[in-house]
Amino acid sequence: MLLARGLANVEGDQWVKHRKIINPAFHVEKLKHMLPAFHISCSEMIRKWEGITKGRSCEVDVYPYLQTMTSDIISRTAFGSSYEEGRKIFELQCELQKLIVQVLQSMYIPGSRFLPTKRNRRMMEIDQEVKSSIKKIINKRLTTKENGESSKGDLLGILLDSNDKVKLQGYTTFGLSIDEVIEECKLFYIGGQETTASLLVWTMILLGQHTNWQDRARDEVSKVFGDRKPDIDGLSHLKIINIILLEVLRLYPPVVALERIIHEETKIGDLILPSGSQLMLHLMMLHHDANIWGDDVNEFNPERFAEGVSKATKIQASYYPFGGGPRICVGQAFAILQAKLALVMILSRFSFKLSPSYSHAPHIILSLQPQFGAQLILSEL
Ligand code: HEM
């Protein structure tokens, strides 16, 4: 729970309260204003690639760059004007994430997390530092608000506004405490950064393999935007890129499994599951089941989504890259918008193919990642 205790980790009434406050932050109207921030972060990545390729074809492991870009986007969109402080917080959060992965991968000794080891002390230090830095940003915001300045269009501002609104609606116990706002800010990073980087890296790997789809996507980009800067309207009309992303999320879902706890005895077929049972829906298995998807289940074939998600399978309810039901991913539209914009910008500037030095090894560290990176040959257009 050191990583974040926000929305994803609360239950019952607590969850209803958090979700009601957070939902507006991800509304399409709000996302529209975040597009310029997405654009800046993506342009920076492209400039770095141009600096490497210098007009020639060149091998680049694109994965770390995509990770930096998605991290940068979260810092900008979560904290807006407090971007620099936000970035530092997320760098610490990233270090914490790595330390936690080390713990998860080492032998479990009960109680060992309370020992004052170097790693444990560093983890506690980071946790304290992150909390106090977010607190400083929030306090600064609250002071400017008290002075009558309107909130910024970033996630933190929207979260604080939305919190005020539910309080005004008479839900005296409904608002979030400062500590809870802090946890939500941390969760945006945990939930949004690695997952979106995972979606983008598998998309580039697959388009580097299936260059016919890359060409189709690029054609679409030039038809929709020409020399225009991508806008939200155009992005929502990209059909080819949309089915490509759907197919990537089927083959390589960044979150590989969904978890649920049953609150009352439930009968499924011949099985009677007692209350309190923990269920896991493995998306990798569901998305790779030939009975559902057909014989070409392991092939990259975006065309299967041409008539929409429900027509792509023989059985309904078989595709859940963003989960489902009331707990469906709150950042879905944010992630898809970001992925579409990044792809449009990459495809307009580079063509790419898989390098012979790429080793295919999907592995899971919080999200589904290419273990040895994503080596592509980039060529400037
Ligand atoms: C491609 C990118 C992403 C994927 C594949 C993804 C996937 C998921 C999945 C599978 C869940 C669990 C849903 C369930 O249990 O039914 C989830 C929950 C969540 N995601 Fe995402 N996510 C992505 C991006 C984001 C982004 C960008 C953010 C925020 C900036 C975010 C924030 C959250 C939060 C807060 C929850 C918990 C929702 C709740 O419990 O009510 N995610 N996500």
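Residues numbered from 1 in each chain as written. Predicted model: local features only at pLDDT ≥ 70, side-chain atom pairs only at ≥ 80, totals over all residues. Heavy atoms only, no water.

**Side note on the site of the ligand**
Around the ligand, a shell composed of 27 residues is seen, among which Trp-15, Arg-19, Arg-260, Arg-327 and Cys-329 lie nearest. Between the ligand and Arg-19 there is a distance of 2.8 Å, counted from an oxygen atom to a side-chain nitrogen or oxygen. At a separation of 3.4 Å, a nitrogen atom of the ligand approaches a polar backbone atom of Gly-191. If you list the elements that add at least two residues to the shell around the ligand, you get α1 (12-22), α7 (178-209), β2 (257-261) and α13 (332-349). Here the element with the most residues in the shell around the ligand is α7; it accounts for seven residues. In the shell around the ligand, the residues fall into 17 nonpolar, seven polar and three charged. (Near = heavy atom within 4 Å. Polar contact = N/O pair within 3.5 Å; in protein donor to acceptor, adjacent residues only side chain to side chain. Helix = DSSP H or I, 4+ residues; strand = E, 2+ residues; numbered from the N terminus. Nonpolar A, V, L, I, M, F, W, Y, C, P; charged D, E, K, R; others polar.)

**Points about the nonpolar core**
Counting residues in each nonpolar core, the largest one holds 105 residues, and the members touching the most others are Trp-49, Val-62, Leu-66, Met-204, Ile-241, Phe-334 and Leu-378. Here the element with the most residues in this core is α7; it accounts for 15 residues. Aside from chain neighbours lying at most four places away, what touches Leu-66 is Met-45, Trp-49, Ala-197, Leu-200, Val-201, Met-204 and Ile-346. (Core = buried A, V, L, I, M, F, W, Y, C linked by side-chain atoms within 4.5 Å. Buried < 20%, exposed > 50% of the residue type's maximum accessible area, 1.4 Å probe, protein only. Contact = heavy atoms within 4.5 Å.)

**Overview of the coordination of the iron atom of the ligand**
Here the protein supplies the iron atom of the ligand with just one donor, Cys-329 (SG), and that contact is 2.3 Å long. Inspection of the secondary structure puts Cys-329 in the loop between α12 (290-293) and α13. (Donors = N, O, S within 2.8 Å, 3.2 Å for Na, K, Ca; no water.)

**Details of the UniProt feature "binding site: heme" (unreviewed entry) in the protein chain**
Those places that UniProt annotates as "binding site: heme" (unreviewed entry) correspond, in this numbering, to Cys-329. For Cys-329, a relative accessible area of 34% translates into the label partly exposed. Setting aside chain neighbours within four positions, we find Cys-329 in contact with Arg-19 and Phe-322. (UniProt positions renumbered as here; feature names shortened; annotations may be inferred.)

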